[in-house]
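Observations on the model geometry
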Amino acid sequence: MRPFVPTLVIVLASVLNFSCTSYAIQGEEKAVLTAAPHVPPPITRKHPTKVVVELETVEKKGRLADGVEYEFWTFGGEVPGSFIRVREGDVVEFHLNNHPTSKMPHNIDLHAVTGPGGGAAASFTAPGKGSTFSFTAMNPGLYVYHCATAPVGMHIANGMYGLILVEPKAGLPPVDREYYVMQSEFYTKGNYGDPGLQPFDMEKAIEEDADYVVFNGAVGSLTGERALAAHVGETVRLFVGNGGPNLVSSFHVIGEIFDRVHQEGGTLVTQENVQTTLVPAGGAAIVEFDVEVPANLILVDHAIFRAFNKGALANLVVEGEENKAVYSGLLEESVYLPEGGGIQDVPATETSNEEIEDPMVAGERIYTSNCAACHQPQGQGLPGAFPPLAGSDYLLADPLRAVDIVVHGRSGEILVNGETYNGVMPAVRLSDAEVAAVVTYVLNSWGNNGPEISPVDVTKVRSKH
Ligand SMILES: [Cu+2]
């Protein structure tokens, strides 16, 4: 009699389980995977299904910043890895394939998995091999996945992470735009911006001394032509992940307020009207907001040196009609300079590590980001505050003196075109080539006709002090 009881229980359990799942699971489909910042389309199915995910691990060299390369280890050939979208209750048949050119074995730990290692224990895969396991997506939410092969930190630091969304049965409310943004850090032998192929630095990783903190795998992956886009009146949903390996993100969008936040990627809207939300290493968040006015919104880690000095900066360009009631723009400009003396330093912008091609083209870019705020976009200056550069007799009389002013700053009385100015021009921290380009640009724009300045000229001026 004794062995009979447990057997009956097992039989009953498996019959119940069988009847339950066979009732629920209908059909089979192949998962749509997307590379960031794109997100697979919302799931419209009203029933669970079997979803087949084919994900490939590939090791490949790519751009970390302008002039900087890195040997990334990836899920799907990109950092972050492909976005996976399934529905609560789906049975996911997961195929992990390791490309034959890989040097390392890899596996995958999906935080959406209930089971040993989140799948890692069943997915250890040597180069040129494949592994298959399956799991039921029991808990809805936004989850990180990552490689968990030893040394785990190194596999993650090299780019092996991504997001999987398990949509709740009822789905997520429809929005106009969904984007995939994932923060992470890189630890390199060289410092931020040092050119060439940069190897991973284990010591810096252990010290948590990141050289790069970036969105979507590289400095500038979501700026300029690659910026995210939206139109006035739309609702935007960001699936935000943090691959770490070490740092917690203080995720913030300059110029917006999160109307709703699913903290930590959970299913509840846990907060409304949020300025900055924490995204833990190995965690996620869903943020939603309406965009009401045209703007160049700036996504940052508000641990702000990471944004302006290590790369954690992205753009969301909102186009459309102005709404002066929501935001007026500048109504009046006035001069207010209570502090006077003391030459301060303005930190270099992201241009400082770029190669300079045509000095006039580079010069214009450098001027726009480093000089135009004071001297104005057309070099016309601001009466009483900032002397003009367009048609400046002071500038054209001694071009190398202008180099000196940019390199070292200047304060005290100065006479430009018969007007006296008494302000502070901060030293602008730029490379010699950048100073040469921007001064050449200033000397040859807006009707100015001056000489070309070479980087060697700048080096000489710099060494004089
Ligand atoms: Cu790996």
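Summary of the structure given here.

Side note on the pattern of salt bridges
Per the stated rule, a full pass over the model turns up 15 salt bridges. With its nearest N and O atoms 3.0 Å apart, the salt bridge here joins lysine 50 to glutamate 93. One end of the pair, lysine 50, is in strand β2 (residues 50–65); the other, glutamate 93, is in strand β5 (residues 91–98), and 43 residues separate them in sequence. Residue arginine 237 is joined to glutamate 178 by a salt bridge in which the shortest nitrogen-to-oxygen separation is 2.7 Å. Of this pair, arginine 237 sits in strand β14 (residues 235–244) while glutamate 178 sits in strand β10 (residues 177–186), and the two are 59 residues apart along the sequence. Note on glutamate 178: relative accessible area 16%, which makes it buried. A cluster of three or more residues bridged by salt bridges with shared partners is formed by Arg85, Glu167, Glu178, Arg237, Arg260 and Glu288.

Comments concerning the packing of helix α8 (residues 399–408) against helix α10 (residues 455–463)
Following both chains from N to C, one finds α8 and α10 inclined at 65°, their axes separated by 9 Å at the closest point. Every pair of crossing elements has a handedness; the one defined by α8 and α10 is right-handed. Residues Leu400, Val403, Asp404, Val407 and His408 of α8 touch α10, and the partners they reach there are Asp457, Val458, Val461 and Arg462. In the contact of α8 with α10, the residues fall into 5 nonpolar, 1 polar and 3 charged.

Quick notes on the state of the cysteines
Summed over all chains, the structure comprises 0 disulfides. Cysteine cysteine 371 remains unbridged, with the sulfur of cysteine 374 as its closest cysteine sulfur at 8.7 Å. Taking the relative accessible area as the measure of exposure, cysteine 374 reaches 31% and is therefore partly exposed.

Brief notes about the coordination of the copper ion
Coordination of the copper ion by the protein is provided by His106 (ND1), Cys147 (SG), His155 (ND1) and Met160 (SD), with metal-donor distances spanning 2.0 to 2.6 Å. If you look at the copper ion, its 4 donor atoms make angles of 85 to 136° with each other, and the shape they trace is irregular. Counting gaps between the donor residues of the copper ion yields the pattern H-x40-C-x7-H-x4-M. One exposure class covers both cysteine 147 and histidine 155, and it is buried.

So, how was this worked out
Residues numbered from 1 in each chain as written. Predicted model: local features only at pLDDT ≥ 70, side-chain atom pairs only at ≥ 80, totals over all residues. Heavy atoms only, no water. Salt bridge = Lys/Arg side-chain N within 4 Å of Asp/Glu carboxyl O. Helix = DSSP H or I, 4+ residues; strand = E, 2+ residues; numbered from the N terminus. Buried < 20%, exposed > 50% of the residue type's maximum accessible area, 1.4 Å probe, protein only. Axes fitted to C-alpha atoms, helices over the stretch in contact; angles between N-to-C directions. Left-handed = near helix turned anticlockwise from the far one by under 90°. Contact = heavy atoms within 4.5 Å. Nonpolar A, V, L, I, M, F, W, Y, C, P; charged D, E, K, R; others polar. Disulfide = S-S within 2.5 Å. Donors = N, O, S within 2.8 Å, 3.2 Å for Na, K, Ca; no water. Tetrahedral: all angles 85-135°; square planar, octahedral: opposite > 155°, others 65-115°.

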